[in-house]
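Summary of the model geometry
Listed here are the chains, written in short residue letters.
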Amino acid sequence: MQLFGNTANNGETYHDSTTEDTLLPGGMLYLKLDDPLIKTKKDIAIEEIESEIAKKLRMKGVILSDARLLKAMDSNMIKESSVLDLSIKKDGSYTSKVPVASKEQFDNLMKHMKKILKKIGDEILSGNIKNEPIKKKNQTPCEYCDYKLICRFDKDLGNQFRVINELKNEEVLKKISE
Ligand code: SF4
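For the structure given in this document, a descriptive report is provided here. (Residues numbered from 1 in each chain as written. Predicted model: local features only at pLDDT ≥ 70, side-chain atom pairs only at ≥ 80, totals over all residues.)

Looking at the overall build of the chain
Counting its regular elements, the chain contains six helices and nine strands. A total of 178 residues make up the chain; the buried ones form 10% of that total. In the chain, once contacts between residues fewer than 6 apart in sequence are set aside, the share between residues at least 24 apart is 54%. (Helix = DSSP H or I, 4+ residues; strand = E, 2+ residues; numbered from the N terminus. Buried ≥ 20, exposed ≤ 12 C-beta atoms within 10 Å, placed from the backbone. Contact = placed C-beta atoms within 7 Å.)

Looking at the sheet that holds strand β3 (residues 27–30)
The sheet built from three strands is open, its strands ordered β3-β4-β7 with mixed pairing. The sheet is open, and its two edges are formed by β3 and β7 (100–101), each paired on a single side. Examined bridge by bridge, strand β4 (residues 60–64) and β7 share two bridges and lie parallel to one another. Directly across from I63, in β7, lies its bridge partner V100. (Pairing = 2+ DSSP bridges.)

Some words on the pairing of β4
As paired elements, β3 and β4 share four bridges and run antiparallel to each other. When the sheet's bridge partners are listed, L29 is paired in β4 with G61.

Section: unusual backbone geometry
Phi angles above zero are rare outside glycine, and K137 is one such case at about 55°. Of note, K137 is situated in the loop between β8 (134–135) and α5 (148–151). For K137, a count of 9 C-beta atoms within 10 Å gives the class exposed. A positive phi angle is found at R152, which is not glycine, with a value near 60°. With respect to the helices and strands, R152 occurs in the loop between α5 and β9 (162–163). On the neighbour-count criterion, R152 (10 C-beta atoms within 10 Å) is exposed.

As for the environment of D154
Mapped onto the elements, D154 comes out in the loop between α5 and β9. Judged by the 10 C-beta atoms lying within 10 Å of it, D154 falls in the exposed class. Sequence separation of D154 and N131 is 23 residues, and the distance between their C-alpha atoms is 9.6 Å.

A short note on the site of the ligand
The local shell around the ligand consists of N131, P133, P141, C142, C145, Y147, K148, C151 and F153. Among the residues forming the shell around the ligand, the class breakdown is seven nonpolar, one polar and one charged. (Near = placed C-beta within 6 Å. Nonpolar A, V, L, I, M, F, W, Y, C, P; charged D, E, K, R; others polar.)

Any link to function would need more than the numbers given here.
As C-alpha cells, then:
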C-alpha cells in the first residue's frame, strides 16, 4: 500500500487549501472486496442490513490527521462515518479506530519506504536473491504462494525464515522517525 502511495502521483494526492499549493497524502486506504453476510437473531429492516453491510466494508489503512479531510471523505457523515471506522464529536474532534498519522509521520513513512526500495534494488543488483520469507507468529506467505516449486524453499536445505515481531502502529511510526 505504501509502495503504491509512493508511485501514484509521487504520493501527493490531497490539496491542503490552507498552505497555498501544497499537495499532501490524505491517507493510504484499501477496500476489501467482499460480500459480507449479516447475522441477526430477529428480523431487521433492509436499511439496517444495508447499514451493517456498509460498516463491514469500511476501508482500512492509515489516514492523515485532519478533521476537515475526514469530513470531506464522507460528506454524508453526521456522527459516524460509513466509509472509515471513525466518529466525529460535537466539538469537531474525532475518535478513530483507523490509525491516524501526522503530515510529518506520513513523510517519514514515504522516506522509509523509499529507503527499503533502494536497499532491495541494491541487493538484487549485487546478486542477493535469497529466498528468505517472513514469518509472523506461525504465519508465512509460503502457505498461499504459487511459486513453491520454483523457489524450492526448504528448511532442511538450510533456508531460513525472517522472523518479524509485530509492532503497534504507534511503535512503527515512532521507530521510523528515529
Ligand atoms: S514459497 Fe518461496 S517464493 Fe513463495 S513466499 Fe515462500 S519463499 Fe517466497
